[in-house]
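What the coordinates show
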Amino acid sequence: MTPEIILVIGVLVFAVLLFIFEWVRVDVVGIIMMVLLPLLGLVTPKQAISGLSSNAVVSIIAVIIIGAGLDKTGVMNSMARIILRFAGKSETRITTLIAATVAVISGFMQNIGAAALFMPAAKRIGNQTGVPVGRILMPMGFCAIIGGCLTLVGSSPLILLNDLMVVGGKHYEPFGLFGVTPIGIALIIAALAYFILFGRFILPSRKGDENSGPMSAVISDTYSGVGSMYELHIPNEWESAGPLHALELRPIFFCTVVAVSRNGGTEHYHAPEPSFRLQPGDHIVVVGPQEYASKMAEKMNWNLQSELSSFAEELSPNNAGIMEGIITPRSEWVGETLKDVKLRNRFQVSPLAIFRGEKIFVSGLNDIELETGDALLMHGRWEMFHVLKERPDLVFTETVRGEILRADKARTALLWLAVSLVMILGFHVQLSIALLAGALGMILTKVLTIDEAYNSVDWMTVFLLGGLIPLGMAFENTGAAKYIADTIMTTLGTPTPIVLLTVIGILTSFFTLVASNVGATVLLVPLSMNMALRAGVDPRMAALTVAVAASNTFVLPTHQVNALIMRPGGYKTIDYVKSGAGMTILYLVVMISALVFLYGV
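Residues numbered from 1 in each chain as written. Predicted model: local features only at pLDDT ≥ 70, side-chain atom pairs only at ≥ 80, totals over all residues. Heavy atoms only, no water.

Here we look at the sheet that holds strand β5 (residues 267-270)
The antiparallel open sheet is built from five strands, whose spatial order is β5-β4-β6-β3-β7. Two strands bound the open sheet, and with one partner strand each, they are β5 and β7 (303-304). As defined by bridge partners, strand β4 (residues 256-262) adjoins β5 across four bridges and the pair is classed as antiparallel. Looking across to β5, one finds that Val260 is bridged to Tyr269. (Pairing = 2+ DSSP bridges. Helix = DSSP H or I, 4+ residues; strand = E, 2+ residues; numbered from the N terminus.)

Points about the environment of Gly505
With respect to the secondary-structure elements, Gly505 resides in helix α23 (residues 497-514). Those residues in contact with Gly505 that sit more than four places away from it in its chain are Thr545, Ala549, Leu588 and Met591. (Contact = heavy atoms within 4.5 Å.)

Describing the confidence of the model for the chain
Averaged over every residue, the pLDDT of the chain is 87; the share at 70 or more is 97%. Mean pLDDT values over the elements of the chain span from 75, in helix α22 (residues 480-492), up to 95, in helix α10 (residues 181-202). Confidence drops under pLDDT 50 across residues 208-212; counting only partners more than four residues distant or on other chains, this segment forms 17 contacts. (pLDDT = per-residue confidence, 0-100.)

Observations regarding the packing of helix α6 (residues 91-106) against α10
Put simply, α6 and α10 touch, their axes get as near as 10 Å, and they point 160° apart. Between α6 and α10, the interaxial angle falls into the category roughly antiparallel. With respect to the hand of their crossing, α6 and α10 are arranged in right-handed fashion. Residues Thr92, Thr96, Ala99, Ala100 and Ala103 of α6 lie in contact with α10, whose contacting residues are Ile188, Leu192 and Ile196. Classifying every residue of the contact of α6 with α10 gives six nonpolar, two polar and no charged. (Axes fitted to C-alpha atoms, helices over the stretch in contact; angles between N-to-C directions. Parallel < 35°, antiparallel > 145°, perpendicular 65-115°, else oblique. Left-handed = near helix turned anticlockwise from the far one by under 90°. Nonpolar A, V, L, I, M, F, W, Y, C, P; charged D, E, K, R; others polar.)

Structural notes on the nonpolar core
Core analysis: the biggest nonpolar cluster contains 141 residues, and Leu70, Ile98, Met140, Leu544 and Val548 have the highest contact counts within it. Those residues in contact with Leu544 that lie beyond four places of it in its chain are Leu158, Leu161, Phe175, Val180, Ile183, Leu595 and Tyr599. Ranked by size, the runner-up nonpolar core spans 21 residues in total, among them Ile368, Leu376, Met378 and Trp382. (Core = buried A, V, L, I, M, F, W, Y, C linked by side-chain atoms within 4.5 Å. Buried < 20%, exposed > 50% of the residue type's maximum accessible area, 1.4 Å probe, protein only.)

Some words on the pattern of salt bridges
A complete count under the given rule lists 10 salt bridges for this structure. Linking Lys339 and Asp367 is a salt bridge whose minimum nitrogen-to-oxygen distance equals 3.6 Å. In this pair, Lys339 is assigned in helix α15 (residues 338-341) and Asp367 in the loop between β10 (359-361) and β11 (375-381), connecting sequence segments 28 residues apart. There is no split in this pair, since Lys339 and Asp367 are both exposed. (Salt bridge = Lys/Arg side-chain N within 4 Å of Asp/Glu carboxyl O.)

Concerning the sheet that holds β11
Across the sheet, which stays open at both edges, the five strands sit in the order β10-β9-β11-β8-β12 with antiparallel pairing between neighbours. Only two strands of the sheet have a single neighbouring strand rather than two, namely β10 and β12 (394-396). Direction aside, neighbouring strands of the sheet carry axes that sit 30° apart on average. Relative to β11, strand β8 (residues 320-327) runs antiparallel, the two sharing seven bridges. Paired with Gly325 across the bridge in β11 is Leu376. Sheet contacts for helix α17 (residues 382-389): β8, β11 and β12; angle to β11, the most-contacted strand, approximately 135°.

Take a look at the structure:
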């Protein structure tokens with residue numbers, strides 16, 4: 001063991017401690033590696049920063065931009081709608097369906113691409129259903145990694161496999177495109193079962209970076225009495241009592257009607273005027289305290305629904321919510337009443353309360369003259385709040401969520417995604433170049449502006465991976481990887497086939513965590529095949545074990561997919577350890593079992 005090997009192992013231990021104890025943020029760990037490794041002479045300065053321009057990192061940047069373009073045009077809304085149609089609001093069905101879908105996609109394109117493309121839809125589904133996004137993204141991420149084992153083009157180690165199966169000048173029979181599929185299917189089924197059975201215990205319940213309620217935490221304390229949204233159905237036998245203002249729902253029940261669905265959901269009315277007449281069969285959505293919404297339903301003989309149904313998507317936190325705006329001194333509304341302003345008619349938002357001085361007014365709002373400094377609480381769709389924020393009348397107290405979708409560009413966005421996939425699968429263009437072409441196409445055709453493209457990239461992920469790639473190089477440069485592998489193989493002597501493949505799987509899993517999966521594959525395939533020949537085991541099976549085990553990387557956020565979902569899921573390193581430890585063991589058991597029973601090892 002040379003001093004360089006000892007040093008690089010020490011740097012690895014230091015990096016792992018930084019991850020576990022979170023003394024600094026994970027992207028800072030990456031930057032520390034980029035600075036520390038060349039100063040210690042373990043990599044060259046060029047290698048230290050080469051991670052930022054690596055194929056993997058550039059691919060991540062490009063695919064995130066493509067995903068942002070699909071989200072901006074509403075494509076991911078449609079994807080979320082399809083999934084919810086089958087999954088409903090069951091957390092188990094949602095996570096299973098999303099994870100299985102991404103796993104299948106990962107079998108035909110790089111897993112980081114599949115995960116990044118599907119992440120906007122997963123986040124939207126979490127917001128809409130109230131399922132914490134952290135309980136969706138980790139199963140999705142793990143299955144994206146495992147899905148790479150479905151075909152021989154699903155992950156870099158499997159792509160390299162056939163070219164590496166050469167020992168003593170003999171080139172062994174290559175595996176076909178679906179030669180690894182039985183193992184991949186077994187692993188995906190095992191992973192889905194793992195999360196179905198143990199997900200409630202091992203997955204975090206944090207909300208991540210998304211808010212899933214109609215009112216943000218910033219204003220909920222001030223307006224806690226305003227309540228939440230409820231949907232009610234008006235029975236067919238109900239007799240209309242006149243316009244909305246005649247029903248006196250706000251003065252009596254402190255509830256505001258913010259939307260009405262009519263004729264089986266074919267007609268939707270947002271922010272109905274006080275003169276709007278309800279009809280039998282209507283579904284209405286109100287904002288108010290739960291106690292009073294229940295009393296209103298009982299008094300009016302309406303049916304209070306358990307959840308939003310007619311407006312499940314339209315008024316979900318993805319698309320609508322509650323905002324607070326402050327009346328500015330330059331506002332044309334000063335001295336006017338809400339009746340004069342015609343807030344509902346012009347902007348399709350419903351006023352819920354006015355906060356003035358120390359008082360909150362929730363009734364008689366239409367007749368109150370607005371003053372400079374008044375805080376106006378409103379419910380509406382995000383697109384309408386984006387329109388309002390451009391006016392001088394209001395200053396919102398927080399950033400307006402959501403965005404104005406460019407639905408007319410949806411086909412263009414899908415076209416550029418298809419162009420990238422055809423370049424990758426049909427013409428074998430390098431992944432980063434093909435994805436950059438798709439991202440550039442979206443910018444040039446105005447699916448996204450260049451600023452929106454820059455803002456969509458999670459730079460924390462970029463610098464985390466940019467720093468971990470040179471750490472893998474240091475392991476190979478110093479001979480540390482080869483030393484550890486040789487030592488373990490020498491200690492084994494002449495093992496049985498199952499013991500040999502198990503050790504190869506464990507060794508590959510370890511190297512994949514601390515170095516690149518490609519580096520681990522290049523190093524261990526020839527070494528494991530030689531060991532297999534000495535032990536009388538089929539060397540092709542030893543090589544296949546290395547290529548499949550190179551995807552067994554769950555206990556640290558070092559894999560590109562794990563790094564990608566870390567911040568959106570609100571994960572800490574301990575979350576990966578907690579969920580990934582069992583997954584790592586299960587992966588090894590299922591992989592070895594599949595090799596024994598399906599491949600006759």
